[in-house]
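An overview of the molecular structure
Now for the letters of each chain:
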2 protein chains.
Amino acid sequence: MLPYEHIIIIDKKSKVPIYRQIAISIINAIRNGTLKAEMRLPSSRELAKILGVHRKTIIKGYEELDAQDWIMIIPRKYVAVSEHIPLLKPKKWGEPNVLRPYESNLNIPFRVIEENTIDKKDISYPEIIIDDGHPDVRLSPIDDLLKTYRALTSKKYAIKNANIGTAQGTLKLRQELVKYLSLTRGLNISEDNILITHGAQMSIYLAAQLLLRRSSNIIVGKPNYPIANKTFEEAKANIIEITVDDKGIDTDVIEKTCKRKKIDAVYVIPHHHYPTTVTLSVERRMKLLELSKQFSFVIIEDDYDYDYHYTSSPYLPLASSNHNGNVIYIGSFSKLLDPALRIGFMVAPKNFIDQCTAFRKIIDVGGDGYMQNALASIIKEGELKRHLKKAKKCYHERRDFLDALLKEKLGQYISYNLPTGGMAVWIKLNDGFSVEQLQLNESLQIVRFDYELNSFRFGFASMNEQELQSAVNAIEKMIVKV
Amino acid sequence: MLPYEHIIIIDKKSKVPIYRQIAISIINAIRNGTLKAEMRLPSSRELAKILGVHRKTIIKGYEELDAQDWIMIIPRKYVAVSEHIPLLKPKKWGEPNVLRPYESNLNIPFRVIEENTIDKKDISYPEIIIDDGHPDVRLSPIDDLLKTYRALTSKKYAIKNANIGTAQGTLKLRQELVKYLSLTRGLNISEDNILITHGAQMSIYLAAQLLLRRSSNIIVGKPNYPIANKTFEEAKANIIEITVDDKGIDTDVIEKTCKRKKIDAVYVIPHHHYPTTVTLSVERRMKLLELSKQFSFVIIEDDYDYDYHYTSSPYLPLASSNHNGNVIYIGSFSKLLDPALRIGFMVAPKNFIDQCTAFRKIIDVGGDGYMQNALASIIKEGELKRHLKKAKKCYHERRDFLDALLKEKLGQYISYNLPTGGMAVWIKLNDGFSVEQLQLNESLQIVRFDYELNSFRFGFASMNEQELQSAVNAIEKMIVKV
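Residues numbered from 1 in each chain as written. Chains lettered and ligands numbered in written order. Predicted model: local features only at pLDDT ≥ 70, side-chain atom pairs only at ≥ 80, totals over all residues. Heavy atoms only, no water.

On to the sheet that holds strand 2 (residues 71-74) of chain A, then. Residues and elements named next belong to chain A. The strand order across the open sheet built from three strands is 1-3-2, with neighbouring strands paired in antiparallel fashion. The open sheet has two free edges, formed respectively by strand 1 (40-41) and strand 2, since each of these has just one partner strand. Where strand 1 meets strand 3 (residues 78-81), two bridges bridge the pair, whose relative direction is antiparallel. Paired with Leu 41 across the two strands is Val 79, which belongs to strand 3. (Pairing = 2+ DSSP bridges. Helix = DSSP H or I, 4+ residues; strand = E, 2+ residues; numbered from the N terminus.)

So this is what it looks like as structure tokens:
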């Protein structure tokens, strides 16, 4: 008889029931060829004795193996390995019959995505994290949102219908957005012009995949939101970088470029450009729209940061002008409510929305219909508007508090333009100081650096005054040290 | 003076404040060339008179336009359109200066995703929907999940950290899954082998995009989960269909195919194959693993329906065997908790998970960290296990109830094999009857048909006995009618 005490490994401390451990051991022994087709197994009585467990445990294990066709039980006669098991080379003796860890390498060739080293860096959990511009979830009406979610999951009607047809986003949320985007952004759209996504990035990905191909040219700002560039690279497009100055991306250079070669798309962040926080000026907005008609390119307008303006109203989006159907408008609720809440939207001509919806089904079927309907409710009931008002006041104060702090503590080392809105300040270190120095502290982590411009983003919205103070103090210590 | 009463449109019923409506009208008039650079505007007093509104309203509107640089206000002298506005051709007179609806066509060429007509069909909201196998969210511990979510968003630590580093999924959920997948599926993995996705479909998409290219060959079952096929088409791979019989996909045919040409991947649904509900037999599982080693192909194991087995334990996944790092294992929590809750996972060798994580950042940055940590909590506290036990019992009863109903009411029109688990029955109509007849009822909608096989999926898990009865009665009426 085979040495079953070595073939069957029982770990009494494991949470896996013993009968199951026995079954798994036998399956593994069959799988690796130790036990071959039609080979007799010990009777339950014998095996119980060998393993020192109750006979009923063995019977239960055998029954499970039988139900799954690994073995056959001939009552009152014998138990044997199933006759259907293919012939395998047995593994070497002495090799322990334990569960092997999952292989750490897939050995079939596959495509490699190149990452910037900065993105690859593991996020540890230091005391202070300076993010690149996140809202403060402590202020967010997340409680109301989740209360509504719970109510929706207990309604009979919602139950049957949240499951399906949500690739484009629930009708309820799209209808609410038609009103919301008209009020806040002057967009005159219908629910057919809207696709609900998992956030601004997904909208960029969908647009890039459908618009761009190997021969496409897309213009972006320099610097630019780095993940957007990677998204256009993934679509194999040729990326043309045009400098962003204090009025935004330079439209004169865009015009010259369009005269030299066919441009398919221009990606712009018109409010609080990432990372520089610059807002695109009125004249350049109008120029860009004109160029888009003249040279037939799509404007991908990433307006992720529309909602936070402190000292003036926001500009109306390019998408709200007469644009001959050349603008794809992208927005997000993650910056409004909770950075973890992955709900954003794309506004575009219907024919494009339809294709993005079809494509989106392939990527991830759709979003969470309950969460979408809960969001629709808090928009409808005015909760979102009230929140925004409160949050705007608070972030405005935090921006000014940070401004004073920076001037007082770091004035001699840095320069910046205080943005009129948004959730971050773009800070440049003066000559003689380097942002690399700011990475040497274990208790402080800054999420977004630009080495070339010797600058970093200081997201102020998610921190209260005390937290802002600690963060600035930590930076001060690191700079002074040099 | 221009006819400002026609240029500025005020809608007193609108929720947009009047000063803003005035500002928007003037912006639109500047944008479309009616108002040109440096053109004088009426004084606030004049314009108030023309429009019949209070002068303060005009001043507020002008101030906003000034802050945004559309106009310039020279105090006590005049108000004029900004000098920076580019020269535009004015629009035709008589054309009303109202907000134009968003264009319904994007006029720049873009890629079109081909959809099956069946998927394109709009979901109306009939009384009875027979889904293709969804859980009943009324049984789900969704309340506990949301309660935990709320608690997490109010914790200081969680606040700072839910924002970032969630492309691969939160560490907490991945650590919990290491234990959970070991206990339930015999997988011996670490948190580096796991990527949290928005569900099984996203895992398939990621795998397909990284594994397949134009020259790749992938084997799938016939019939197959249709969105999987579209996903492989999207990756430009050549799809080879191999028949699924009552033991699952035919591995002898796979072997023959591998001898003829280079196969890169095989996509299998080993438990309750979609749509047929067939489970892959033990001998074919072993054969498939052997072939994968011999011919070096990846097995994409879509085990979306692992958790529901009524009359026997599930087979251990192919991924739990010794597979030389050739298996990518895909699972989902949407089938367990709530079809709207978009959380799934991929288990694969670390080098592949790393690349999928990098790719996933480009698609949608990451998932909802709070929801992931809330799920981790209910797994840890045993809530998920208790739910699963309760749900399994309930769905088992519903399956048997439906079985009896089908035999009694529809026995003469249909045939099916009662599945040992899962959430749906695959029903074939006898000769002389056609599934097309089942689409003619307005109050009943069946989500998944197969015309070629004259069959449809009857998802029973989401319906209580009364609902099952109504659904079968509705089908009976439609069949008898013919």
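Here we come to the nonpolar core. Phe 458 of chain A together with Phe 458 of chain B are the most contacted members of the largest nonpolar core, which has 237 residues in total. Those residues in contact with Phe 458 of chain A that lie beyond four places of it in its chain are Ile 130, Asp 131, Leu 402, Met 423, Ala 424, Val 425, Ile 427, Met 463, Leu 468, Ala 471, Val 472 and Ile 475 of chain A. Met 202, Ile 269 and Cys 356 of chain A together with Val 298 of chain B belong to the second-largest nonpolar core, a separate cluster that totals 82 residues. (Core = buried A, V, L, I, M, F, W, Y, C linked by side-chain atoms within 4.5 Å. Buried < 20%, exposed > 50% of the residue type's maximum accessible area, 1.4 Å probe, protein only. Contact = heavy atoms within 4.5 Å.)

In this complex, chain A contributes 132 residues to the contact, which on the side of chain B involves 131 residues. With both chains or domains summed, chain A and chain B bury close to 11,700 Å², and 61% of this area falls on carbon and sulfur atoms. Seen at the junction of chain A and chain B, the total is two salt bridges. The salt bridge involving Asp 143 of chain A is made with Arg 150 of chain B; its shortest N-O contact spans 3.1 Å. Applying the counting criterion to the chain A and chain B interface returns 28 residue pairs in polar contact (both at pLDDT 80 or more). Looking at the side of chain A that touches chain B element by element, the count peaks at ten residues for helix 13 (residues 350-364) of chain A. Broken down by class, the residue content of the side of chain A that touches chain B amounts to 66 nonpolar, 34 polar and 32 charged. (Buried area = accessible area lost by both parts, 1.4 Å probe. Salt bridge = Lys/Arg side-chain N within 4 Å of Asp/Glu carboxyl O. Polar contact = N/O pair within 3.5 Å; in protein donor to acceptor, adjacent residues only side chain to side chain. Nonpolar A, V, L, I, M, F, W, Y, C, P; charged D, E, K, R; others polar.)

Residue and element names in this part refer to chain A. This model, assessed by the stated rule, comprises 42 salt bridges over all chains. Residue Asp 252 pairs with Lys 287 through a salt bridge whose shortest N-O separation is 3.2 Å. Highlighted residues: Asp 252 in helix 11 (residues 251-260) and Lys 287 in helix 12 (residues 282-295), separated in sequence by 35 residues. Linked through salt bridges whose partners overlap, the residues forming this network are Asp 136, Arg 138, Arg 398 and Glu 467.

Glancing now at the relation of the copies chain A and chain B. Under the fitted operation, chain A is carried onto chain B by 0.0 Å of movement along the axis and a turn of 180°, and the coordinates agree to an RMSD of 0.1 Å. Those values place the two copies in the arrangement expected of a two-fold rotation axis. Taking the C-alpha atom as reference, chain A places Leu 146 of chain A closest to the rotation axis, 3.2 Å from it. Most of the interface of chain A is mirrored in chain B: 99% of its interface residues are interface residues there too. (Least-squares fit on C-alpha atoms with pLDDT ≥ 70 in both.)

All names here are of chain A. Residues of strand 9 (residues 265-268) alternate between two faces, with Ala 265 and Tyr 267 on one and Val 266 and Val 268 on the opposite face, all of them buried. Sheet topology note: the strand 6 (residues 217-222)/strand 9 ladder contains two bridges and is parallel. For Ile 218, the partnering residue across the bridge sits in strand 9 and is Ala 265. In the sheet, strand 9 pairs with strand 10 (residues 298-302) via four bridges, with the strands oriented parallel. In the strand pairing of strand 10, Val 268 is matched with Glu 301. In the classification by handedness, the crossover that spans strand 9, the intervening helix 12 and the parallel strand 10 is right-handed. (Right-handed = clockwise from strand over helix to strand, strands pointing away.)

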